[in-house]
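Observations on the three-dimensional arrangement
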Amino acid sequence: MQPVGPYRFTEALGVCQVGTAWWAVDGQDRLVTVALLEGAAATDVAWRQAFGNAANAMAQAPGGQRYVNADLDAAQPWVAYPSEEGMGAQRLFQTLGMDLHPPEAQATVLIPATDAITSPPRPVSGAPTSGSPTPTSGPPHLPWAMHATGQQPTVHVPQQPAPQVAVPSTPVPAPTDPAPADPFADPTRRIQPLPAGSGPARSGAALWLAVAALVLGILAGVGAVGVATAGGDEAGDPAPATAFPADDAVRPGLSPWANAAPSSPQERALAAAGPSLVFLEAVFTGYLRDRATNAPVRTTPITFSRRCTGFVVDPNGHALTSSSCVRPGEEYARRIALDAVARMLVREGKLAENQVENYVTTNLERTVFTGVDQGTEPATQLFAQLNEAKGNVTEDPAIGGQVVSAQTEETGNVALVKLNRTGLPAVGLDPGAVVSESGNLLVLGFATTDADFRTATYRPRTMSVKIAGTGRRGDVSMWRIGEDLGNTSYGGVAIDPAGRVIGLIDQDLARPDRANRVVLPASAFTGLLGEAGVKAEPGESDRLYRAGLDAYFTGRYATAADDLATVARQVPDNRLAEAYRQHADSRAQLEGEPASAPAWAWWLLAGAGGPLLVLLVLLVVLNARRRP
């Protein structure tokens, strides 16, 4: 299905005779439901008018269903509703008298454009009035919900007020048979009272009252216990938000629900590993010198930067990435510096564009790249950003860092860096993962689609890549993959279904273009971590985050919202925690998950306990005195 307006459809919600309803996301990956008028109804003037009138009537009704976007003049009119306010697309079709069927029934339910609709809609008249939506006749799919194998899950539509409008319907003939006799129409009293003074009636009434009082007394006791157990919540603690803010939704950079099938193992893995991903920019400053004379090739220093991906492995801010990015070999750094000089000469008109490669090759063995003084290392600065990044950022939100240790290209090409911030989201490692040489890997790294290097924005990108073969780098085995995720993806990760890192994306040093088509297994960098004394494991907040994700993906939305809200407060850098907290709240509302009773209800029950117990005692005493 092609997208409409600014929305990209992710999953069909249902189909009716005049259109379809969809789950969709906008440019900021915010979830909406879209009602799309299709088939014969899209070309029928009366139905197009009724569709628009119904949407406007719903929006104008007190407490009605607002829409966030619409195009009623399109060839196929559509209306988009925010997901946090319920399934608006479904309600719009229900307002038109159309029940949604499972999406698979489209071929038999939707009236095609080649047919005609025989029952034109009646125009909307009068102010809309409140009412309840009609239940759907088939259970539509929901994104982010666990689907049972073989059966569709039952969807409970929240009973929210919906405006009633005149709807298209097939006329129903008036009944010709007389109405059936009402067995309760006869005014004759059928249940006669017992004679006055009858003992059993009084005893029975007292007994029932006593039982009722006893039940209420027990409830009051339960209320008292509830107050006692609920007393741990301080009055000053903020209540967790329950609405999905459509206008100010969190921007996590990575959107697993849009990058993979809803509730799939891929979404769960991306959600678990995503927060640990960091964008790295290493800035090098030095001088190119003539190897024979030590004279600078340029009197001004040469500065260039390398951009890549890394991932945090512990709460102390240690991260792994590619050495080629943050500590390239001297020859490789010299080649990059020469290329930078050649580009300067092109801008100055001293060198033609097609002479750049020859200039680099000719001068590679004639020069050295050093620091300010001969024999010193070039100066290096390292900056990291999470979620969404821009190049050339050296202040907040960028985080400074240093290279702790780095392997050479020949011995592994993996570097360990230390970021100047603790409490960052960390990912687990799976060095013992077994991967089929003919299988696929789920990879994740930063990339950009912007052409201008100076102002580019970088976001996490993911794809499933085919293993194209194996190879070796020194003593380390590696997998070669068939696709390059992007030129800044090296240092990124390959992950398992639990969201643990099984490999690091790196450049293929055997290729002239050094494309990012190699994955080094996690076993290749466990030694590097051990030598530095770094214990790579998630922290307490990371474990709580994974527990919240587990609750979310198993339908325990209240628990998920609580756990993820805690993580979002403790680790603001983990924007996915807040995003999934919002989604958990939204799913709880849509699927009717019961919420805990408010505090005033517990106090009311507890306060009623004393009087109810007194009433129980009086009833028992009176009943005993009246017995013969």
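These lines cover the structure that appears in this document, whether it is placed above or below.

What counts and what doesn't
- Residues numbered from 1 in each chain as written.
- Predicted model: local features only at pLDDT ≥ 70, side-chain atom pairs only at ≥ 80, totals over all residues.
- Heavy atoms only, no water.
- Helix = DSSP H or I, 4+ residues; strand = E, 2+ residues; numbered from the N terminus.
- Buried < 20%, exposed > 50% of the residue type's maximum accessible area, 1.4 Å probe, protein only.
- Contact = heavy atoms within 4.5 Å.
- Phe/Tyr/Trp six-rings, centres within 6.5 Å; stacked < 30°, edge-to-face > 60°.
- Disulfide = S-S within 2.5 Å.
- Pairing = 2+ DSSP bridges.
- Core = buried A, V, L, I, M, F, W, Y, C linked by side-chain atoms within 4.5 Å.
- Polar contact = N/O pair within 3.5 Å; in protein donor to acceptor, adjacent residues only side chain to side chain.
- Axes fitted to C-alpha atoms, helices over the stretch in contact; angles between N-to-C directions.
- Parallel < 35°, antiparallel > 145°, perpendicular 65-115°, else oblique.
- Left-handed = near helix turned anticlockwise from the far one by under 90°.
- Nonpolar A, V, L, I, M, F, W, Y, C, P; charged D, E, K, R; others polar.
- Salt bridge = Lys/Arg side-chain N within 4 Å of Asp/Glu carboxyl O.

With that settled, the discussion passes to the overall build of the protein. Of the regular secondary structure elements, the protein holds 15 helices and 19 strands. Taken over 628 residues, the protein has a buried fraction of 48%. Relative to all contacts within the protein whose residues are 6 or more apart in sequence, the contacts with residues 24 or more apart total 69%.

This brings us to the packing of aromatic side chains. If you walk through the whole model with that rule in mind, you get 14 aromatic pairs. Their ring planes at 80 degrees and their centres at 5.7 Å tell us that Tyr7 and Trp78 sit as a pair that is edge-to-face. With Tyr7 in the segment before strand S1 (8–16) and Trp78 in strand S5 (residues 78–82), this residue pair connects regions lying 71 residues apart in the sequence. Exposure remark for Tyr7: the relative accessible area of 6% places this residue in the buried category. Ring centres 5.2 Å apart and planes at 70 degrees place the aromatic pair Tyr552 and Tyr580 in the edge-to-face group.

As a further point, take the state of the cysteines. One pass over the structure, following the stated rule, counts one disulfide. Between the sulfur atoms of Cys308 and its disulfide mate Cys325 the distance is 2.1 Å. Here Cys308 and Cys325 share a disulfide; its torsion about the S-S bond, -85 degrees, makes the bridge left-handed. Within this pair, whereas Cys308 is found in strand S7 (residues 302–312), its partner Cys325 is found in helix H8 (residues 323–326), the two being separated by 17 residues in sequence.

Attention now moves to the environment of Leu386. Relative to the elements of secondary structure, Leu386 occurs in strand S10 (residues 379–386). Linking Leu386 and Leu277, residues 109 residues apart in sequence, is a C-alpha distance of 6.6 Å. If near-sequence neighbours (up to four positions away) are discounted, Leu386 is found in contact with Pro275, Leu277, Val278, Ile399, Leu424, Pro425 and Asp573.

Once that is clear, we can look at the pairing of strand S13 (residues 414–419). Most of S13 is tucked away, with five of its six residues classed as buried. Note: strand S8 (residues 318–322) against S13, five bridges, orientation antiparallel. Bridge pairing in S13 links Ser322 to Val414. Of the strand pairs in this sheet, strand S12 (residues 399–406) and S13 are connected by five bridges, and their pairing is antiparallel. Across the sheet, residue Val403 finds its bridge partner in S13, namely Val417.

Ranked by size, the top nonpolar core spans 55 residues in total, and within it Phe311, Leu320, Leu520, Phe525, Tyr545 and Tyr580 carry the most contacts. Setting aside residues no more than four positions away along its own chain, Leu320 makes contact with Gly310, Phe311, Val313, Val414, Ala415, Leu416, Gly491, Leu504, Phe525, Leu528 and Leu529.

Right, let's talk about the side chain of Arg307 for a bit. For Arg307, the position within the fold is in strand S7. One polar contact links the side chain of Arg307 to the main-chain carbonyl oxygen of Phe453, over a distance of 2.8 Å. Among the polar contacts listed, one links the side chain of Arg307 to the side chain of Tyr458, at a separation of 2.9 Å. Residue contacts for Arg307: discarding those within four places in its chain leaves Phe279, Leu280, Glu281, Cys325, Gly391, Asn392, Phe453, Tyr458, Asn487, Thr488 and Tyr490.

As a further point, take the environment of Phe304. Inspection of the secondary structure assignment puts Phe304 in strand S7. Linking Phe304 and Phe284, residues 20 residues apart in sequence, is a C-alpha distance of 5.5 Å. With near-sequence residues (within four places) excluded, Phe304 lies in contact with Ala282, Val283, Phe284, Ala333, Ile336, Ala337 and Phe369.

Another point: the sheet that holds S5. With antiparallel pairing, the five strands of this open sheet are ordered in space as S1-S2-S3-S5-S4. Both edges of this open sheet fall to S1 and strand S4 (69–71), since each of them pairs with a single strand only. Geometrically, the sheet is characterised by an average inter-axis angle of 20 degrees between neighbouring strands, direction not taken into account. Where helix H3 (residues 88–95) meets the sheet, it contacts S1, strand S2 (19–25), strand S3 (31–37) and S5, and its direction lies at approximately 30 degrees from that of S3.

Bringing the packing of helix H7 (residues 265–273) against helix H12 (residues 540–553) into the picture now. Packing of H7 against H12 leaves a shortest axis separation of 10 Å and a crossing angle of 155 degrees. Considering their axes alone, H7 and H12 lie roughly antiparallel with respect to each other. Note on packing geometry: the crossing formed by H7 with H12 is right-handed. Where H7 approaches H12, its residues Glu267, Arg268, Ala271 and Ala272 are matched on the opposing element by Tyr545, Arg546, Leu549, Asp550 and Phe553. Of the residues in the contact of H7 with H12, the class split is five nonpolar, no polar and four charged.

Take the pairing of strand S6 (residues 277–290) next. Most of S6 is tucked away: twelve of the 14 residues are buried. Pairing between S6 and S7: ten bridges, direction antiparallel. Opposite Leu277, over in S7, you have Phe311 as the bridge partner. Note that S6 and S10 share eight bridges and pair antiparallel. Looking across to S10, one finds that Ala282 is bridged to Leu382. Judged from the four bridges that link them, S6 and strand S9 (residues 367–370) form a sheet pairing that is antiparallel. Within the sheet, the bridge partner assigned to Leu288 lies in S9 and is Phe369.

This part takes up the pattern of salt bridges. Under the criterion given, the structure shown has 19 salt bridges. Here Arg334 ties to Glu330 by a salt bridge, and the two come within 2.6 Å at their closest N and O atoms. You can see Arg334 and its partner Glu330 sitting in helix H9 (residues 330–347), four residues apart, about one turn around the helix. Taking the relative accessible area as the measure of exposure, Glu330 reaches 41% and is therefore partly exposed. Of the charged contacts in the structure, one is a salt bridge between Asp506 and Arg473, with a shortest N-O distance of 2.5 Å. Highlighted residues: Asp506 in strand S18 (residues 501–506) and Arg473 in strand S15 (residues 457–473), separated in sequence by 33 residues. Both residues of the pair, Asp506 and Arg473, count as buried. One salt-bridge network, held together by shared partners, links Arg268, Asp550 and Arg556.

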